[in-house]
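A closer look at the structure
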Amino acid sequence: MLTYIKTITADNKGPSTYKGTNTYILGEKELIVIDPGPNSKKHLYNVIDYIDGRKVKCIIATHHHGDHIGIMDELAASQNAPIYVGKMQRSKMQDALKISQERLVLFDGPIVSSEFEIDSIFTPGHASDHYCYRIPGIALFSGDHIMGWSTTMIRLPDGNMGKYIESLIKIKDICQEKLLPGHGNTIIDGRKRCIALLEHRNKRTGEILKLLESNDMEASQITALIYSKLSPNLRNYALFTVESSLAELQKEGIIKKVTSRKIIKYSINSS
Ligand SMILES: [Zn+2]
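Okay, so let's go over this structure. (Residues numbered from 1 in each chain as written. Predicted model: local features only at pLDDT ≥ 70, side-chain atom pairs only at ≥ 80, totals over all residues. Heavy atoms only, no water.)

Time to look at the nonpolar core. Formed by 22 residues in total, the largest nonpolar core has its most connected members in Ile51, Ile59, Ile83 and Leu97. Elements supplying a minimum of two residues to this core: strand S3 (30-34), helix H1 (41-51), strand S4 (55-60), helix H3 (72-79) and strand S5 (83-85). With 18 residues, the next largest nonpolar core counts Cys58, Phe116, Phe141 and Leu180 among its residues. (Core = buried A, V, L, I, M, F, W, Y, C linked by side-chain atoms within 4.5 Å. Buried < 20%, exposed > 50% of the residue type's maximum accessible area, 1.4 Å probe, protein only. Helix = DSSP H or I, 4+ residues; strand = E, 2+ residues; numbered from the N terminus.)

Okay, structure coming up:
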């Protein structure tokens, strides 16, 4: 039975990370660390202090982005702990981490400690190797797939809007737990949050199509109109997500790209 979930928020506050990355340390005597966090000595020492010599069964990550795995190598080495990776993570993690191959262990099925079991759920979209982790009836660790403070960013080519939506539906269909996200606070009703995010995505797609029905537009023009209230330092992140939405609409044959004088615009596909 899992009795302890400790959250340690790293000191990497910023426009895309909110108050910082959340590192979760689960268990009492045999610990599992989810998302060790960014490359910060201060954070590394906070995590090591909390572990306080207890056995670390394994370290896992929701995805390969630096703010989640920056200290993974060092933490694993300091605790003599293995890093468990999903089948879809192996190559990304191998590229991102500098550790020896022996420390990487492929998980296939539940991750089992002497105190609890974690199910992994493959949820590509924000990143092609994103997994959510679930302890049924207790919590679902949603990484950057579902965040506690904002919608997530989908950035091409590793991000994929179509897969993100499929992954949201996947979590909506199974989630009965609270969500513990990679950034931001706990989301008490995980399912409700998934439904709200799916509606939000639909609304944004509708807005894009409405704009394109009146005029052919560049991705940056669409972003400026749809996200007019967003602060300028977040506008770039919004542009990435708009580009991913446009790529998906193009794939579905709803819109097409038109290039003239090196300017790429999007147009409703009337053919
Ligand atoms: Zn993140």
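Burial analysis of strand S10 (residues 139-143) places five of its five residues in the buried class, the great majority of the element. Side chains of S10 alternate between two faces, with Ala139, Phe141 and Gly143 and Leu140 and Ser142 buried alike. As judged from the three bridges shared by strand S9 (residues 131-135) and S10, these two strands associate in the antiparallel manner. If you follow Arg134 over to S10, its bridge partner there is Leu140. The turn joining S9 and S10, which pair antiparallel and follow one another in sequence, is formed by three residues; a positive phi near 80° is taken by Gly137. The parallel pair S10 and strand S11 (residues 178-181) is bridged by helix H5 (residues 161-174), and the resulting crossover is right-handed. (Pairing = 2+ DSSP bridges. Right-handed = clockwise from strand over helix to strand, strands pointing away.)

A complete count under the given rule lists one cavity of 30 Å³ or more for this structure. The calculated volume of the largest cavity comes to roughly 30 Å³. As for the largest cavity, its lining consists of Thr151, Thr152, Tyr164, Leu197, His200 and Arg201. Here the lining of the largest cavity takes three residues from helix H6 (residues 190-214), the largest share from any one element. Its residues assigned to classes, the lining of the largest cavity shows two nonpolar, three polar and one charged. (1 Å grid on protein atoms, 1.4 Å probe; cavity = no way out; pocket = protein on both sides within 12 Å on 5 of 7 lines; lining within 4 Å. Points joined across faces, edges and corners; volume = space filled by probe spheres on them. Nonpolar A, V, L, I, M, F, W, Y, C, P; charged D, E, K, R; others polar.)

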